[in-house]
Amino acid sequence: MKQKLFALDIDGTLFDHKFREVPKSALDTIRHLRSMGHIVGAATGRNVSQLVKAIDPEELDFCILCNGGYLEIDGKMVEDIQFSQEQKNYLCDLFDELGYQYGITTHHHLYAKDPDSDGVQRIVKTYFVLTPKKHDDLRTLPVYQFTVYEDETTRANIKHIEGEFHIHSLDGFAYDIVIPEINKALMLQKVAEYFNIDMEDTIAFGDSDNDTMMLQTVGIGVAMENGSDSAKKSADFVTSETYNDGIYQGIKKLGYIK
């Protein structure tokens, strides 16, 4: 069988928020695919410290982190894309002026001005991630993405930045902000080049708005039943929910499990 490359989103795709775990069927599927010689990795908004809360990176061949801002293969950095100082200054000034709660992602850690705020803690509990560290001046840190811990309706006040920045919703009560160069689809193309695999031989699973371009770019895109409407519309087909063996069922439908 021809070697394929599989990219799996984490939250809502591989990691089930209902039971706060990676289903055994999903982990067994990853191991099965790798035993067959296929390449399997993560494509997630999490950084490395948040990834290990969900799955041991040793189970994967590559890790696209920070929504496409950082790529690790065999535990080593291969690609690194950060916000410029000008971009950091602009967003920090904007959010401070609006009085928004916000934080940033570095390769290893999350930081926020007020980690104990209701908005931050709601994300921590929902996604089962570490609480951000407190830092008073986030613009001094290396940044791969911003997270605004405010209700989705507050996006109306920052509509003017869309285009220069991309905004990804987090279940309606927060949103991530990245620069256009930070993109799962673009980084996955670099992974395919690294392993010398044609894009037509790539397969991706996702559930959220930040997965749509990846699902459209790969050879076959698979959305989860628990996913957003935009993810489902971007996919070639929809598999069952994460907690209903969605990864296993999707791979079985594709013919890689008998």
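Structural data are supplied above this passage.
The structure displayed is predicted, hence computed values, not measured ones.

Calculation rules
Residues numbered from 1 in each chain as written. Predicted model: local features only at pLDDT ≥ 70, side-chain atom pairs only at ≥ 80, totals over all residues. Heavy atoms only, no water. Pairing = 2+ DSSP bridges. Helix = DSSP H or I, 4+ residues; strand = E, 2+ residues; numbered from the N terminus. Contact = heavy atoms within 4.5 Å. Axes fitted to C-alpha atoms, helices over the stretch in contact; angles between N-to-C directions. Parallel < 35°, antiparallel > 145°, perpendicular 65-115°, else oblique. Buried < 20%, exposed > 50% of the residue type's maximum accessible area, 1.4 Å probe, protein only. Polar contact = N/O pair within 3.5 Å; in protein donor to acceptor, adjacent residues only side chain to side chain. Arc of directions from axis to C-beta. Disulfide = S-S within 2.5 Å. Salt bridge = Lys/Arg side-chain N within 4 Å of Asp/Glu carboxyl O.

Undergrad: Residue-level account of the sheet that holds strand β6 (residues 102–105), with values.
TA: Within the open sheet, the six strands sit side by side as β8-β7-β6-β9-β11-β10. Their pairing is mixed. Either end of the sheet is taken by a strand with one partner, and the two such strands are β8 (133–134) and β10 (166–169). Lying on the sheet, helix α3 (residues 85–98) is in contact with β6, β9 (145–148) and β11 (175–178); it crosses β9 at an angle near 5°.

Undergrad: Describe the packing of helix α1 (residues 24–35) against helix α8 (residues 246–253), with residues and values.
TA: Interhelical geometry of α1 versus α8 gives an angle of 40° and a closest axis separation of 7 Å. Considering their axes alone, α1 and α8 lie oblique with respect to each other. In this structure, α1 contributes S25, A26, T29 and L33 to the contact, and α8 contributes I247, Y248 and I251.

Undergrad: I'd love a proper account of the side chain of T202, names of residues and values included.
TA: Within the element layout of this structure, T202 appears in strand β12 (residues 202–206). Residue classification places T202 among the buried positions, given a relative accessible area of 1%. Polar side-chain contacts of T202 include one of 2.6 Å to the backbone oxygen of M199. With residues near it in sequence (within four places) discarded, T202 still touches L5, A192, I197, V218, G219 and I220.

Undergrad: Hey, could you go over α8 for me, with residue numbers and the actual values?
TA: Along α8, the positions that sit buried rather than exposed are G246, I247, G250 and I251. One side of α8 holds all its buried residues, which, seen down the axis, span an arc of 125°. Buried-residue contacts for α8 involve β1 (5–8), α1, β12, β13 (220–224) and β14 (237–239).

Undergrad: Could you give an account of the state of the cysteines, naming the residues involved and the relevant values?
TA: Under the counting rule described, the total for this entry stands at zero disulfides. Considering cysteine sulfurs only, C66 is the nearest to C63, which forms no disulfide, with 11 Å between them. Judged by relative accessible area, C63 falls into the buried class, the value being 5%. Classification of C66 as buried rests on a relative accessible area of 0%.

Undergrad: Can you break down the sheet that holds β13 residue by residue, with the values?
TA: Across the sheet, which stays open at both edges, the eight strands sit in the order β5-β4-β3-β2-β1-β12-β13-β14 with mixed pairing between neighbours. Looking along the sheet, the strands with just one partner apiece sit at the ends: β5 (76–80) and β14. Within the sheet, the average angular offset between the axes of one strand and its neighbour, ignoring direction, is 20°. As judged from the four bridges shared by β1 and β12, these two strands associate in the parallel manner. The partner of F6 across the bridge, within β12, is I203. α8 rests against β1, β12, β13 and β14 of the sheet, and its axis sits at about 135° to β14.

Undergrad: Pulling in residues and values, what's your account of the pattern of salt bridges?
TA: Under the definition given, this model contains 17 salt bridges. The salt bridge involving D137 is made with R139; its shortest N-O contact spans 3.1 Å. What makes D137 partly exposed here is its relative accessible area of 33%. Among the charged side chains, a salt-bridge network with shared partners connects D93, D96, K113, D137 and R139.

Undergrad: Please provide a residue-by-residue account of the pairing of strand β4 (residues 70–73), values included.
TA: With burial as the criterion, each face of β4 is covered, one bearing Y70 and E72 and the other bearing L71 and I73. Summarising the sheet, strand β3 (residues 62–65) and β4 pair through four bridges and their orientation is antiparallel. In the strand pairing of β4, I64 is matched with L71. Pairing analysis gives four bridges linking β4 to β5, with the strands arranged antiparallel.

By themselves, these observations are geometric and do not establish any function.
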